[in-house]
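Results of the structural survey
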Amino acid sequence: MGNIGNVENRAASAGKAPAISCREVGMTLKKKKVLANVTFEVEAGSLTGLLGPNGAGKSTLMRILTGLVPPETGRADLFGAPAGPERLGVLSFLPDRGQLPPYLTAGEWLQFAASLYPDWSKTAERDLAEELGVDRAQRIGAMSRGEEARLQLLTCLSRQAPLIVLDEPFTGVDLVSRERIASAVVGEMADGERTFLIATHDIREMEQLFDRIVLVGKGTIQGSYLVDDLRRSGRSVESCYREVFA
Ligand SMILES: Nc1ncnc2c1ncn2[C@@H]1O[C@H](COP(=O)(O)OP(=O)(O)OP(=O)(O)O)[C@@H](O)[C@H]1O
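First, a word on scope: everything that follows refers to the structure included in this document. (Residues numbered from 1 in each chain as written. Predicted model: local features only at pLDDT ≥ 70, side-chain atom pairs only at ≥ 80, totals over all residues.)

As a further point, take the overall build of the chain. The number of helices and strands found in the chain is 9 helices and 10 strands. A compact globule built from 246 residues would reach a C-alpha radius of gyration of about 18 Å, and the chain, at 17 Å, matches this within 12%. Each of the 246 residues in the chain was classed as buried or not, and the buried ones make up 39%. Considering only residue pairs separated by 6 or more positions, the chain has 71% of its internal contacts joining residues 24 or more positions apart. (Helix = DSSP H or I, 4+ residues; strand = E, 2+ residues; numbered from the N terminus. Rg over C-alpha atoms; globule rule 2.2 N^0.38 Å. Buried ≥ 20, exposed ≤ 12 C-beta atoms within 10 Å, placed from the backbone. Contact = placed C-beta atoms within 7 Å.)

So, on to the site of the ligand. Around the ligand lies a shell of 13 residues, among which L29, N54, K58, S59 and T60 are the nearest. Elements with a minimum of two residues in the shell around the ligand: strand 2 (32-42) and helix 2 (58-65). Among the elements that line the shell around the ligand, the one with the most residues is helix 2, at 3 residues. For the shell around the ligand, a count of residues per class yields 3 nonpolar, 6 polar and 4 charged. (Near = placed C-beta within 6 Å. Nonpolar A, V, L, I, M, F, W, Y, C, P; charged D, E, K, R; others polar.)

The description of two packed helices rests on the angle between their axes and on the distance between the axes. Close contact between helix 4 (residues 122-132) and helix 5 (residues 145-157) brings their axes to 9 Å; oriented N to C, the two are set at 155°. Taken together, the axes of helix 4 and helix 5 lie roughly antiparallel to each other. As helix 4 runs across helix 5, the sense of the crossing is right-handed. Side by side, helix 4 and helix 5 meet where A124, E125, L128, A129 and L132 of the first sit next to R150, L153, L154 and L157 of the second. (Axes fitted to C-alpha atoms, helices over the stretch in contact; angles between N-to-C directions. Parallel < 35°, antiparallel > 145°, perpendicular 65-115°, else oblique. Left-handed = near helix turned anticlockwise from the far one by under 90°.)

Tracing the backbone through its elements, the reader meets L116 in helix 3 (residues 106-116). The exposure class assigned to L116 is exposed, which follows from the 10 C-beta atoms found within 10 Å. Considering only alpha carbons, one finds L116 and L68, 48 residues apart in sequence, at a separation of 18 Å.

With 62 residues, the main nonpolar core has L65, L153, V165 and I181 as its most contacted residues. Take this core: its biggest share by element is 6 residues, from helix 5. In this structure, L65 is in contact with I20, A76, A83 and V165, ignoring residues within four places of it in sequence. (Core = buried A, V, L, I, M, F, W, Y, C linked by C-beta atoms within 7 Å.)

Judged by pairing direction, the sheet is antiparallel, and its 4 strands sit side by side in the order 2-1-4-5 without closing on themselves. Both edges of this open sheet fall to strand 2 and strand 5 (81-82), since each of them pairs with a single strand only. Direction of pairing for strand 4 (residues 73-78) relative to strand 5: antiparallel, over a ladder of 2 bridges. Residue pairing for strand 5: L78 is matched across the bridge by A81. (Pairing = 2+ DSSP bridges.)

So, on to the sheet that holds strand 7 (residues 163-167). Taken together, 6 strands build an open sheet; the order of strands is 6-7-8-3-9-10 and the sheet is mixed. Only two strands of the sheet have a single partner each, and these edge strands are strand 6 (91-94) and strand 10 (220-226). Here the strands of the sheet are splayed against their neighbours by 15° on average, with no regard to which way each runs. In this sheet, strand 8 (residues 195-199) lies alongside strand 7 in parallel orientation, the contact comprising 5 bridges.

Take unusual backbone geometry next. Outside of glycine, negative phi angles account for most residues, and trans bonds account for most peptide bonds. Its identity is not glycine, yet N37 carries a phi of approximately 50°, on the positive side. Mapped onto the secondary structure, N37 falls in strand 2. Located in the positive-phi region is E168, a residue other than glycine, with phi close to 50°. Considering the arrangement of structural elements, one finds E168 in the loop between strand 7 and helix 6 (175-189).

This brings us to the pairing of strand 9 (residues 212-217). The two faces of the sheet receive side chains in turn, since in a regular strand these alternate between them. In terms of burial, strand 9 is largely enclosed, as 5 of its 6 residues are buried. As paired strands, strand 9 and strand 10 are joined by 6 bridges and run antiparallel to one another. Looking across to strand 10, one finds that R212 is bridged to L226. Count of turn residues in the strand 9/strand 10 antiparallel hairpin: 2 residues, of which K218 carries a positive phi of about 50°.

Laid out in structure tokens, this is it:
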């Protein structure tokens, strides 16, 4: 069903501005060149994996896309207009490090988040809370890393923003929950409208979901592949990753 949905999405999005377009993006942090000449596009309605080794620049790139920091050089556009703080309405972001208020329960946090975001869906919140096994009575400060990661994902996916950017959604999450998260993402895809960009090291769990992979290494794009093309040439996402980075 996911694949059929993806094909339909692609057809529906033909001719639209890409959800993400980066042109020659560069970034220096504390005198270190972290990103250079980063150029790639993510088609609206697709699910793209942003993959690469530790320190490759994935989180830095995502922070630029979310408008948290402007690129030093080049430009990053979302749906044809520059990324920036004023575009936060089009994108729902799960950062790589959690910062939910520890003194609230999950239920209190979700109530607060729902009041914060105009695009919050109570239906999505209810369905995903069940799917991800979030206990509303649990205090955030008493959660394990994996439990908090699931609450963060629930927060991110309960919004109806057209672009979802997830930075390492599986950190600290056990195998069964990782599979639940993957199916939650597929469920969200089924609405045929939204675009996902997901940075992850959990290639095996996500391999079946990606339409495209963008490989980042040493601060620049090392390749961008349609997963169907890889399969047609007898390769998997994992084997392609190994070819590029081994
Ligand atoms: N605030 C900062 N100041 C200086 N250097 C930084 C800063 N943030 C990141 N870096 C450096 O930029 C490089 C890219 O980091 P980034 O977090 O974007 O990588 P990543 O691909 O997300 O890595 P990982 O897979 O380990 O999460 C690293 O070498 C890191 O040390």
